[in-house]
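# Chains, contacts and geometry: an overview
Listed below, chain by chain, are the residues.
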Amino acid sequence: QVQLVESGGGLVQAGGSLSLSCVASGTIRSPNVMGWYHQAPGKQRELVAVIASGGTTNYADSVKGRFTISRDNAKNTVYLQMNSLKVEDTAVYYCNLKDYFSILYWGQGTQVTVSS
């Protein structure tokens, strides 16, 4: 009974920035891990970045130094600041929450398109 709603996707030129937000609602148990995954057409859904309730983060090698994940536990919100965007970042970005019981929840996804 957790719902995740993403926002902030769109079209941006290479080198530009986007900020994604995801708000969780419902029965949210702690501790948990929230994060972002992306999926390009014909490819597997891949981890972009995750952040635990206590603040520990993990990033995909491809986004280290460019993306920053953060969260506001009081607002049940996770953010992804995406800088220096590349064409290869183009994908649908999905918000994810893994709760204390390792149950996975997913948002509907938001399209990020980076043009050259």
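Before any of the text, the structure's been laid out above.
Since the structure is predicted, the reported quantities are computational estimates derived from the model, not experimental observations. (Residues numbered from 1 in each chain as written. Predicted model: local features only at pLDDT ≥ 70, side-chain atom pairs only at ≥ 80, totals over all residues. Heavy atoms only, no water.)

Our focus in this paragraph is a nonpolar patch on the surface. On the surface, Tyr-100, Phe-101 and Ile-103 cluster together to form a nonpolar patch covering roughly 330 Å² of accessible area. Relative to the elements of secondary structure, Tyr-100 occurs in the loop between strand 9 (91-98) and strand 10 (104-106). (Patch = residues over 30% accessible without salt bridge, like charges linked within 9 Å, V, L, I, M, F, W, Y side chains within 5 Å. Areas by Shrake-Rupley, 256 points an atom, 1.4 Å probe, with all protein chains shown as cover. Salt bridge = Lys/Arg side-chain N within 4 Å of Asp/Glu carboxyl O. Helix = DSSP H or I, 4+ residues; strand = E, 2+ residues; numbered from the N terminus.)

Turning our eyes to something else, we now look at the packing of aromatic side chains. Considering all chains together, one arrives at 2 aromatic pairs under this definition. Relative to Trp-106, the ring of Tyr-37 lies with its centre 5.1 Å away and its plane at 75°, an arrangement referred to as edge-to-face. Taken as a pair, Tyr-37 in strand 4 (residues 33-39) and Trp-106 in strand 10 lie far apart in primary sequence, 69 residues in all. Aromatic pair Tyr-100 and Phe-101: ring centres 5.3 Å apart, planes at 85°, arrangement edge-to-face. Each member of the pair, Tyr-100 as well as Phe-101, is classed as exposed. (Phe/Tyr/Trp six-rings, centres within 6.5 Å; stacked < 30°, edge-to-face > 60°. Buried < 20%, exposed > 50% of the residue type's maximum accessible area, 1.4 Å probe, protein only.)

Spatially, 1-3-8-7 is the arrangement adopted by the 4 strands of the open sheet, whose pairing is antiparallel. Each having just a single partner strand, strand 1 (2-7) and strand 7 (67-72) make up the two edges of the open sheet. Ignoring which end each strand starts from, the neighbouring axes of this sheet average 15° apart. Bridging between strand 1 and strand 3 (residues 18-26) involves 6 bridges; their strand directions are antiparallel. Its bridge partner lying in strand 3, Val-2 is registered against Gly-26. (Pairing = 2+ DSSP bridges. Axes fitted to C-alpha atoms, helices over the stretch in contact; angles between N-to-C directions.)

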